[in-house]
Structure formats: structure tokens, C-alpha cells
Amino acid sequence: MKRSPWIGLAALAVLLAACHRPAVKDQTAAAPVAVGPERAGPVHWNATTGGFELAGKPLKTAKLWTFDGSTEGFTAVGSRISPAAGQGISLAIADPTIRSPKGLNVPGGQYSLVLVRLTRTAAASAWDGALYYSTPTHGEAISFLGKPLSGADPKVGETTTLVYDMSHQALGGPDWVQSTINQIRFDVEDKPGGAFVIRQIAIAENPDPTALAPAAAPPAPPAPAPKP
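As the structure is a prediction and not an experimental result, all values here were calculated from the model. (Residues numbered from 1 in each chain as written. Predicted model: local features only at pLDDT ≥ 70, side-chain atom pairs only at ≥ 80, totals over all residues. Heavy atoms only, no water.)

1. With respect to the overall build of the protein chain
Definition in use: The way it works is that DSSP assigns letters per residue, a run of H or I at least four long becomes a helix, a run of E at least two long becomes a strand, and they are numbered from the N terminus. Contacts were defined at the residue level, with two residues in contact if any of their heavy atoms lie within 4.5 Å. Residue exposure ignores everything except the shown protein chains as possible cover, and the areas themselves are Shrake-Rupley values with a 1.4 Å probe.
For the protein chain, the helix and strand inventory stands at one helix and 16 strands. The contacts in the protein chain between residues at least 6 apart in sequence include a share of 73% that link residues at least 24 apart. Approximately 12,900 Å² of the protein chain is accessible, and the part contributed by carbon and sulfur atoms is 60%.

2. Quick notes on the pairing of strand β1 (residues 43–46)
On any regular strand, side chains alternate: one points to one face of the sheet, the next to the other face. Operational definition: We treat two strands as partners when DSSP finds at least two bridges between them.
Pairing of β1 with strand β2 (residues 51–54), which is carried by four bridges, proceeds in the antiparallel orientation. What sits directly across from histidine 44, in β2, is glutamate 53. Taken together, β1 and the strand that follows it, β2, pair antiparallel across an intervening segment of four residues, in which glycine 50 is found at a positive phi of about 70°.

3. Quick look at the environment of alanine 170
What counts is decided by this rule: Buried residues are those whose accessible area, probed at 1.4 Å on protein chains only, stays under 20% of the maximum for their type, while exposed residues exceed 50% and partly exposed ones sit between those limits.
In this structure, alanine 170 sits in the loop between β13 (159–165) and β14 (180–181). Using a relative accessible area of 44% as the deciding quantity, one classes alanine 170 as partly exposed. Spatially, the C-alpha atom of alanine 170 lies 5.9 Å from that of leucine 145, the residues being 25 residues apart in sequence. With sequence-adjacent residues up to four places away left out, alanine 170 is seen in contact with Leu145, Gly146 and Lys147.

4. Overview of the confidence of the model for the protein chain
This is how it is decided: A residue's pLDDT is simply how confident the predictor is in it, with values from 0 to 100.
The share of residues in the protein chain with pLDDT of 70 or more is 79%, and the mean pLDDT across the chain is 82. Taken as a whole, residues 1–29 scores under 50 in pLDDT and shows zero contacts with residues more than four places along the chain or in a different chain.

What follows is the structure, given as C-alpha cells:
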């Protein structure tokens, strides 16, 4: 049977029209997670300058990861890690560990602050927040770690900046400041279930150690005078 010429022309017209039709956007794409309430602390992220500040002054960083559409070499063991919508990395906790790329080559004596700005998006039952690291002389070990001076264990929807002063690390004495730091490892929580958007991580100088010093305890009241 002979096909009418106008049928072929009509099909061609439909095909050309489809080529010029604008693509339909994926309506299921995740929306950026709002920063929400941000906990006050000594270190602040300045979105305008794209850097961290201490007491209103910019911090010099050896490493700054902002995760603009990429995990920037950070990896997880078991947990789901992926670029977040907008900026940051999404982390769904199965195993608590995330690691930076290797070969950081950061002089710990000059750069003693580690900053982790994140937003909690799902609750869990066991906050950890330990910071481990490796150097040319030792790998990750329970005897070398830091704990945040401020910003720990945010609530769901809360954004906070964890501040680690590794010149006063929790375990390991002065090891960080006497070493070259090759890699860092951040253990967010001890048990699965929690979820976060990690917005920025930095290794920075501390120009004012007194700004991070814990407040001195008030003096003890004087003992009452003995009764006569």
C-alpha cells in the first residue's frame, strides 16, 4: 500500500516541534535545606565574604571546603554522602565516620582550629563529635582526638559551628601543634539514624586564643566563720 506524502510531512512537523519545546524540569529535585536558627558562638560564617570569622575578624585558612555541588573528596564508611541541594553535603548516618582527602600537608602549629558548620536534619540518640587525624608518624588513634569547645549536638533544624581548638586537644597532649596533619576524620554520632547537611569545613589559624578560652569558674564563697 502506498503511503500518502502528507502523513510523512505531518510526522516531521511534530518531531521538529518537540525539538524546540523547552525541557520540563524535574519537580522531584530536593530543595535546599534552610539554615534555620543558627546557634551563637565564637566563630561565625560570613556568607557575603565566603569565610569564617572569629570575633568579627576573618580567619586565615589552610583548607576550606564549601561543597559547591561536590563532596570535594570527603568519603564515608557505610553512611550516604552526596552533594546537597544548593551548597553542602548531605550525610545520612549509618557509620559515623567521614574523612577528608589525604595529603592535606597542614602545619598543625600554625593552623590549630578545625571548624565544622552543619545543620541537623534528623534526630539520633548518640552524639559524638570526635575529631581524629593522621600525621606522618601515626594514623588515626583513640589516643589522638579533639572534642568541640562549642556548637555540639544541635537540635533538628538547628545550624551550628563546631569549634575544635586542637592546641588543647582532648587526648594526645600537644601532638597536633607539633605535627603535619595529613588527614582529618569527623565522627558525627555513635549510632545510626541521624542526618545532617554539612555546609563548610575549615582548618584555620587561631589569631586570638583568649577568645576561645573557657570562662573562669566563679570563686568559691568564703567558708562561714565558726560559731563562738
